[in-house]
Amino acid sequence: MEARSREGWGTKTGFILAAVGSAVGLGNMWRFPYAVSDKGGAAFVILYIVMVFAVGVPIMLSEFAVGRRTRLSPIDALRETGGPRWISLGMLYVLTGFLILAYYSVIAGWTMRYTLEALLSGFAADPGAYFESSTTGVGAVIYHVAFMAITISIVVGGVKAGIERVSLVLMPLLFLLVVGLAVYALTLSGGGAGYSFYLRPQLADVFSTSTLAAAASQAFFSLSLGMGAMLTYASYLKRQENLPGSAATISLADFGVAFVGGLVVFPVIFAFGLQGDIGESAIGALFISVPRAFVEMGAAGRVVGLMFFAALFVGALTSGISLLEVVTSSLIDHWKLDRARAALGAGIFIMLFCIPSAYYQGILDLLYSMSGEFLL
Ligand code: PFF
């Protein structure tokens, strides 16, 4: 068989950091703390660890194996592996990735806005009212469009010069920010109750099936599984890479960031008595209760808040890139477009498609439950 010419990663570290970039995102510091507080605290954390390592790692490994062997994006990779009947599963992968990016980019736009506001003017005195007014309407649309524009420009740059280069800089930055925040959280008086909620399990909850199901869907989302992102990234690998080692490293890094993220969010929330807020709404929790704590902290809160939202934004960007890359590489392989056209076409289509969901939160909620809870 003639060897396929295909773009590829420059270094193994580049691949690992890009895959960690895909995995680490809003799922770690936004969806994970919400799921922990919704599903019984530390019991969820235990089941989540089991799901990540017993289920997530093997599935990631199988996506890697199929991607590296076929050197194709999901639709064609599955057809080549399992025959024509598998094309529909490949299509479902791309559709799910598309729908996730559709709401992901809207929320990522919010993180961009919060980061810029922390930098330029500080957090609003009433974060609840600010959230209501800033996350819908024209302002939200502008940030969503800006986020998509940045994502598209990186994906147009290609695997090595775009995705890899950005990941090599942004992922170490994100680790530093998250660890710095966790060290700061240690200094808060009154954070102890947060740590014990997060780390001390009620044994009965460990055996709850609804907690188990929530842990499974969180693991899939957080490890970027089931949408072909890992498959696509592995399709740019050379044949000799050690796949089990990579899958374990990436999953461990992803779990590490979520876990350390919890060591930030819970003490911060409990130190200011805001624990009632976080379980209130899946989407809004983090954007209301956490800034409320930053406002209470005074001057320090602005710096800490800037670090927090910058970390979220960086995570969202590298994940958004991988979601757009799934669609882009499918257009390149299956529909034979060149990279620039594929990334621009898919990106602009998604950007336009999502304008209504950026504008009205009702549509956003619908997309979220459809892709995150059902398709996944
Ligand atoms: N893993 C990302 C997160 O935790 O935020 C979300 C995600 C990215 C899911 C890419 C799926 C995917 F293909």
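Just so it is clear, the model here is predicted, and its values are computed rather than measured.

### Quick look at the pattern of salt bridges
Summed over the entire model, instances satisfying the criterion amount to four salt bridges. For the salt bridge of D333 with R6, the shortest nitrogen-to-oxygen distance reads 3.1 Å. Placement of D333 in helix α16 (residues 299-335) and of R6 in the segment before α1 (12-23) is noted, with a sequence separation of 327 residues between them. The same class applies to D333 as to R6, namely buried.

### Comments concerning the packing of aromatic side chains
Applying the stated criterion across every chain, the model contains 33 aromatic pairs. Between F32 and F44 the ring centres are 6.2 Å apart and the planes differ by 55°, which places this aromatic pair in the tilted class. One end of the pair, F32, is in helix α2 (residues 26-38); the other, F44, is in helix α3 (residues 42-70), with 12 residues separating them in the sequence. For the residue pair F32 and F44, the accessibility class agrees, reading buried in each case. Measuring from centroid to centroid gives 4.9 Å for Y114 and F309, while their planes differ by 40°, and the two rings are tilted. Here Y114, found in helix α5 (residues 87-120), pairs with F309, found in helix α16; they are 195 residues apart in sequence, far enough to count as distant. On the accessibility criterion, Y114 (2% relative accessible area) is buried. Above the face of the F221 ring, R31 is positioned so that its terminal group lies 4.8 Å from the ring centre.

### So, helix α11 (residues 209-222)
The first and last C-alpha atoms of α11 sit 20 Å apart over 14 residues, in line with the 20 Å expected at 1.5 Å per residue. Turning to α11, its buried residues number three or more, namely T211, A214, A215, Q218, A219, F221 and S222. With its buried residues spanning 165° around the axis, α11 presents them on a single face. On its buried face, α11 is in contact with α1, α2, α3, α5, α10 (203-206) and α13 (243-271). Its side-chain oxygen at 3.4 Å from the backbone nitrogen of S210, S208 defines the N-terminal cap of α11.

### Thoughts on the nonpolar core
If you look at the biggest cluster of nonpolar residues, it comprises 120 residues, and the most contacted ones within it are W9, F15, F64, I250, F287 and F308. With six residues, the next largest nonpolar core counts L72, A77, Y93 and L231 among its residues.

### A word on the environment of S22
Looking at where S22 falls in the secondary structure, it is placed in helix α1. A residue is classified by how much of its surface remains accessible, and S22, at 2% relative accessible area, is buried. Once the C-alpha coordinates of S22 and L323 are considered, the two residues, 301 residues apart in sequence, prove to be 7.9 Å apart. With residues up to four places along the chain from it excluded, the contact list for S22 reads S224, A229, M230, Y233, T318, S319 and S322.

### Concerning the side chain of T318
Examined against the element boundaries, T318 turns out to sit in helix α16. Accessibility expressed as a relative area gives 3% for T318, which makes it buried. Those residues in contact with T318, other than ones at most four positions away along the chain, are G21, S22, V24, L170 and M171.

What counts, and at which threshold
Residues numbered from 1 in each chain as written. Predicted model: local features only at pLDDT ≥ 70, side-chain atom pairs only at ≥ 80, totals over all residues. Heavy atoms only, no water. Salt bridge = Lys/Arg side-chain N within 4 Å of Asp/Glu carboxyl O. Helix = DSSP H or I, 4+ residues; strand = E, 2+ residues; numbered from the N terminus. Buried < 20%, exposed > 50% of the residue type's maximum accessible area, 1.4 Å probe, protein only. Phe/Tyr/Trp six-rings, centres within 6.5 Å; stacked < 30°, edge-to-face > 60°. Lys NZ or Arg CZ within 6 Å of the ring centre and 35° of its normal. Expected span 1.5 Å × (residues − 1). Arc of directions from axis to C-beta. Contact = heavy atoms within 4.5 Å. Polar contact = N/O pair within 3.5 Å; in protein donor to acceptor, adjacent residues only side chain to side chain. Core = buried A, V, L, I, M, F, W, Y, C linked by side-chain atoms within 4.5 Å.

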